[in-house]
Amino acid sequence: QVQLVESGGGLVQAGGSLRLSCTASGSIFSINAMTWYRQAPGKQRELVAKITAGGSTNYVDSVKGRFTISRDNSNNTIYLQMNSLKPEDTAVYYCNAEITPFSHKPYTYFSYWGQGTQVTVSS
């Protein structure tokens with residue numbers, strides 16, 4: 001029983017900033033990685049930023065230097081600080097987590113998704 005909840009989306013003008021958050025809760029033994037994805041209308045979902053249990057991060061090229069992913073291990077929360085937003089950043093942003101539940105063996109990971117939060121950037 002694992003749940004991810006995102007928040008922090010909204011409407012902002014180009015050049016502005018938003019901070020998204022995602023909290024994982026439930027019967028969690030460990031979290032291997034957490035990732036932000038986004039999906040614009042008519043487009044495929046793409047990976048935006050990822051952070052692993054070891055703290056390494058990866059970003060899609062289009063957001064490097066503008067977005068920062070971080071984590072708070074004390075409450076199983078990740079954040080996506082989005083600066084210098086562009087209209088092309090407009091999308092629904094989804095949180096994903098690779099999680100081992102308490103009822104499963106180590107290295108058995110399940111993929112969980114949040115409900116998504118809308119980010120709209122006006123020109």
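So, here is what we can say about the structure in this document. Since the structure is predicted, the reported quantities are computational estimates derived from the model, not experimental observations.

### Quick notes on the overall build of the protein chain
Broken down by element type, the protein chain carries zero helices and 11 strands. Taken against the 2.2 N^0.38 rule, which gives 14 Å for 123 residues, the C-alpha radius of gyration of the protein chain at 14 Å falls within 12% of a compact globule. Looking at the 123 residues of the protein chain, the share that counts as buried comes to 37%. Taking the intrachain contacts of the protein chain between residues at least 6 apart in sequence as the baseline, contacts between residues at least 24 apart amount to 55%. Within the structure as shown, the protein chain displays about 6600 Å² of accessible surface, and the carbon and sulfur contribution to it stands at 48%.

### Digging into the sheet that holds strand β3 (residues 18-26)
Read from one edge to the other, the open sheet built from four strands follows the order β1-β3-β8-β7, with strand pairing classed as antiparallel. Two strands lie at the open edges of the sheet, namely β1 (2-7) and β7 (67-72), each paired on one side alone. Averaged over all pairs of adjacent strands, the angle between their axes in this sheet comes to 15°, without regard to strand direction. Sheet analysis places β7 next to strand β8 (residues 77-82), joined by six bridges and oriented antiparallel. Counterpart to S70 in the pairing with β8 is Y79.

### Considering the side chain of D89
Considering the arrangement of structural elements, one finds D89 in the loop between β8 and β9 (91-101). Only 2.8 Å separates the side chain of D89 from the backbone nitrogen of K86, close enough to count as a polar contact. Among residues more than four places away in sequence, those in contact with D89 are R38, R66, F67, S84, V119 and V121.

### Digging into the layout of surface pockets
Of the voids in this model, the largest pocket is the one considered here, and its volume is about 150 Å³. As for the largest pocket, its lining consists of 13 residues, of which I31, M34, R71, N73 and N76 are closest to the centre. Elements that contribute at least two residues to the lining of the largest pocket include exactly β4 (28-39), β5 (46-52), β7 and β8. The leading source of residues in the lining of the largest pocket is β4, at four residues. Class assignment of the residues belonging to the lining of the largest pocket gives a composition of six nonpolar, five polar and two charged.

### Here we look at the pairing of strand β11 (residues 117-122)
A regular strand places its side chains so that they alternate between the two faces of the sheet. Burial of β11 is one-sided: the residues T117, V119 and V121 facing one way are buried, the residues Q118, T120 and S122 facing the other way are not. Note: strand β2 (residues 10-13) against β11, four bridges, orientation parallel. From the neighbouring strand, V12 faces β11, where its bridge partner is V121. Examined bridge by bridge, β9 and β11 share three bridges and lie antiparallel to one another. Residue pairing for β11: V92 is matched across the bridge by Q118.

Scoring rules and cut-offs
Residues numbered from 1 in each chain as written. Predicted model: local features only at pLDDT ≥ 70, side-chain atom pairs only at ≥ 80, totals over all residues. Heavy atoms only, no water. Helix = DSSP H or I, 4+ residues; strand = E, 2+ residues; numbered from the N terminus. Rg over C-alpha atoms; globule rule 2.2 N^0.38 Å. Buried < 20%, exposed > 50% of the residue type's maximum accessible area, 1.4 Å probe, protein only. Contact = heavy atoms within 4.5 Å. Areas by Shrake-Rupley, 256 points an atom, 1.4 Å probe, with all protein chains shown as cover. Pairing = 2+ DSSP bridges. Axes fitted to C-alpha atoms, helices over the stretch in contact; angles between N-to-C directions. Polar contact = N/O pair within 3.5 Å; in protein donor to acceptor, adjacent residues only side chain to side chain. 1 Å grid on protein atoms, 1.4 Å probe; cavity = no way out; pocket = protein on both sides within 12 Å on 5 of 7 lines; lining within 4 Å. Points joined across faces, edges and corners; volume = space filled by probe spheres on them. Nonpolar A, V, L, I, M, F, W, Y, C, P; charged D, E, K, R; others polar.

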